[in-house]
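Residue-level structural notes
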Amino acid sequence: GVVSPYYPISRVYGNPVYLDLMAIPELAHSSAARELLATSGVRAELSRLRALSRRDYAAAWTFKQRILRLLHKSFVSRELAQDSERARAYRAYVADHGQGLEDFAAFCSIAEALGGDPPIYDLHHFPSELRDARSASVARLKQELVEPIAFHMYVQFELSRQVEAAQTDARARGLRIGLYGDLAVGNASGGADVWAHRELFARGVALGAPPDPYSATGQSWGLLPLLPNALAQDQYAYFRRLAKSAVRSAGMLRVDHVMGLLRQFWVPDGATAREGGYVRFPFEELCGILALEASRTQT
């Protein structure tokens with residue numbers, strides 16, 4: 001699939017390929033993970049990945065997953081079993097994120113269970129009965145995927161912890177802003193957010209831009225737009241989670257195509273941007289939510 005931070009499967013949860021394996025606390029307690037890292041085959045694969053002139057994200061994630069799954073087992077047997085401080089922090093993170101985190105973890109787990117090397121994280125490749133996150137088929141499958149779902153929740157917890165630690169370290173070193181975040185303008189049409197919140201997203205259109213001196217035919221980006229009326233009916237719950245996540249550990253935030261808070265250009269599927277049009281959004285409400293969340297974190 002597309003590898004781009006501007007074509008995200010979720011705008012709330014992060015890409016665990018960026019995890020620093022050496023910074024994960026469980027590495028100190030998992031002899032299985034350390035032994036695997038010391039094997040000649042793993043060392044050779046790591047050297048190969050580092051020597052590439054261009055990053056192979058799929059291979060890097062395959063490599064990291066082998067280690068991360070061992071670290072998760074150590075986390076369950078050591079931290080959760082003893083109700084340690086780290087376990088309590090994890091439970092607080094899970095409670096704070098609720099259904100949204102479970103949905104994202106389920107989406108990733110289902111994509112991996114369907115096979116493929118690498119797995120395809122795209123709901124369009126799901127069987128029809130699994131394309132609705134609230135279907136009975138998904139509910140049954142989730143019961144079979146309890147451990148993989150827990151793994152992905154753990155990975156997101158650790159990713160959040162590492163980003164927060166990086167921001168804390170940056171501030172301690174005298175960087176007033178520290179991390180500079182970037183919020184993508186839309187979601188990949190087959191992504192986890194669309195799967196979990198299908199009622200919030202438009203169909204048959206994509207975000208884009210009208211004809212201009214840059215492109216005589218305009219642009220269509222293949223990203224699904226949110227429905228402004230559905231956002232309001234949802235009491236902006238999804239957008240509130242989105243804003244909270246965007247500023248959580250960011251000293252500054254760039255909102256990609258920020259005009260989209262006021263109006264967005266939608267292009268019908270199968271058409272050029274010449275046939276597109278603007279759709280107005282609840283600007284004051286969306287800006288108010290962003291301002292509120294940013295004030296809480298001083299972003």
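As a starting point, this report considers the structure included with it.

1. Considering the environment of A216
On the secondary structure map, A216 appears in the loop between β3 (205–209) and β4 (219–220). We classify A216 as exposed; its relative accessible area is 54%. Between the C-alpha atom of A216 and that of R274, which follows or precedes it by 58 residues, the distance is 8.9 Å.

2. So, the environment of H72
For H72, the location among the structural elements is in helix α3 (residues 57–82). For H72, a relative accessible area of 4% puts it in the buried group. Residues H72 and F265, spaced 193 residues apart in sequence, show a C-alpha to C-alpha distance of 43 Å. Beyond its immediate chain neighbours, meaning those up to four positions away, H72 contacts E147, A150, F151 and Y154.

3. As for the sheet that holds β4
Read from one edge to the other, the open sheet built from four strands follows the order β4-β3-β7-β8, with strand pairing classed as antiparallel. Across the chains shown, the open sheet's two edge strands, defined by having one partner strand only, are β4 and β8 (277–280). Alignment of strand β7 (residues 263–268) against β8, held across four bridges, turns out to be antiparallel. Along β8, the bridge assignment pairs W266 with G277.

4. A few points about the side chain of E158
Take E158: it is sitting in helix α6 (residues 146–172). E158 gets classed as buried once you look at its relative accessible area, which sits at 0%. Sequence-distant contacts of E158, defined by excluding residues within four places in its chain, comprise L19, A23, I24, P25 and R86.

5. Structural notes on the nonpolar core
One finds L68, L71, I110, F126, W195 and F239 to be the most contacted residues of the largest nonpolar core, which totals 71 residues. It is helix α4 (residues 85–113) that provides the largest number of residues to this core, a total of 10 residues. Not counting residues within four places of it along the chain, the set of residues in contact with W195 comprises D103, A106, F107, I110, L123, F126, L130, R131, D132, A133 and V138.

6. Details of the packing of aromatic side chains
Scanning all chains against the criterion turns up 11 aromatic pairs. Ring pairs connect the aromatic residues F75, Y90, Y93, Y154 and F157, which therefore count as one cluster. Its end group placed over the ring of Y278, R263 keeps NZ or CZ at 3.9 Å from the ring centre.

7. Side note on the pairing of β7
One ladder, built from four bridges, connects β3 with β7; its direction is antiparallel. Each bridged residue has a counterpart across the sheet, and for A206 the counterpart in β7 is V267.

8. Looking at the pattern of salt bridges
Enumeration over the complete set of coordinates arrives at 16 salt bridges. One salt bridge connects E112 with R69, and the closest N-O pair in it is separated by 3.1 Å. On the criterion of sequence distance, the pair formed by E112 in helix α4 and R69 in helix α3 is long-range, its members being 43 residues apart. Under the relative-accessibility criterion, E112 is labelled buried at 17%. Judged by relative accessible area, R69 falls into the partly exposed class, the value being 26%. E79 is the partner of R78 in a salt bridge, and the nearest nitrogen-oxygen pair spans 3.8 Å. When its relative accessible area of 36% is taken as the criterion, R78 is described as partly exposed. When its relative accessible area of 10% is taken as the criterion, E79 is described as buried. Taken together, the salt bridges that share partners define one network made up of E26, R86, E158 and R161.

9. Quick look at the packing of helix α9 (residues 237–247) against helix α10 (residues 283–297)
It is at 9 Å that the axes of α9 and α10 come closest, and there the two elements cross at 35°. α9 and α10 meet at a crossing whose hand is right-handed. Between α9, through F239, R240, A243, K244 and V247, and α10, the contact on the second element is made entirely by L286, I289, L290, E293, A294 and T297. Of the residues belonging to the contact of α9 with α10, the class tally is seven nonpolar, one polar and three charged.

10. Description of a nonpolar patch on the surface
Together, M259, L262, Y278 and F283 line one region of the surface with nonpolar side chains, adding up to about 350 Å² of accessible area. Following the sequence through the fold, F283 ends up in helix α10. Among the residues examined, F283 registers a relative accessible area of 38% and is labelled partly exposed.

11. Things to note about helix α1 (residues 31–38)
Turning to α1, its buried residues number three or more, namely A33, L36 and L37. One side of α1 holds all its buried residues, which, seen down the axis, span an arc of 100°.

Definitions and cut-offs
- Residues numbered from 1 in each chain as written.
- Predicted model: local features only at pLDDT ≥ 70, side-chain atom pairs only at ≥ 80, totals over all residues.
- Heavy atoms only, no water.
- Helix = DSSP H or I, 4+ residues; strand = E, 2+ residues; numbered from the N terminus.
- Buried < 20%, exposed > 50% of the residue type's maximum accessible area, 1.4 Å probe, protein only.
- Contact = heavy atoms within 4.5 Å.
- Pairing = 2+ DSSP bridges.
- Core = buried A, V, L, I, M, F, W, Y, C linked by side-chain atoms within 4.5 Å.
- Phe/Tyr/Trp six-rings, centres within 6.5 Å; stacked < 30°, edge-to-face > 60°.
- Lys NZ or Arg CZ within 6 Å of the ring centre and 35° of its normal.
- Salt bridge = Lys/Arg side-chain N within 4 Å of Asp/Glu carboxyl O.
- Axes fitted to C-alpha atoms, helices over the stretch in contact; angles between N-to-C directions.
- Left-handed = near helix turned anticlockwise from the far one by under 90°.
- Nonpolar A, V, L, I, M, F, W, Y, C, P; charged D, E, K, R; others polar.
- Patch = residues over 30% accessible without salt bridge, like charges linked within 9 Å, V, L, I, M, F, W, Y side chains within 5 Å.
- Areas by Shrake-Rupley, 256 points an atom, 1.4 Å probe, with all protein chains shown as cover.
- Arc of directions from axis to C-beta.

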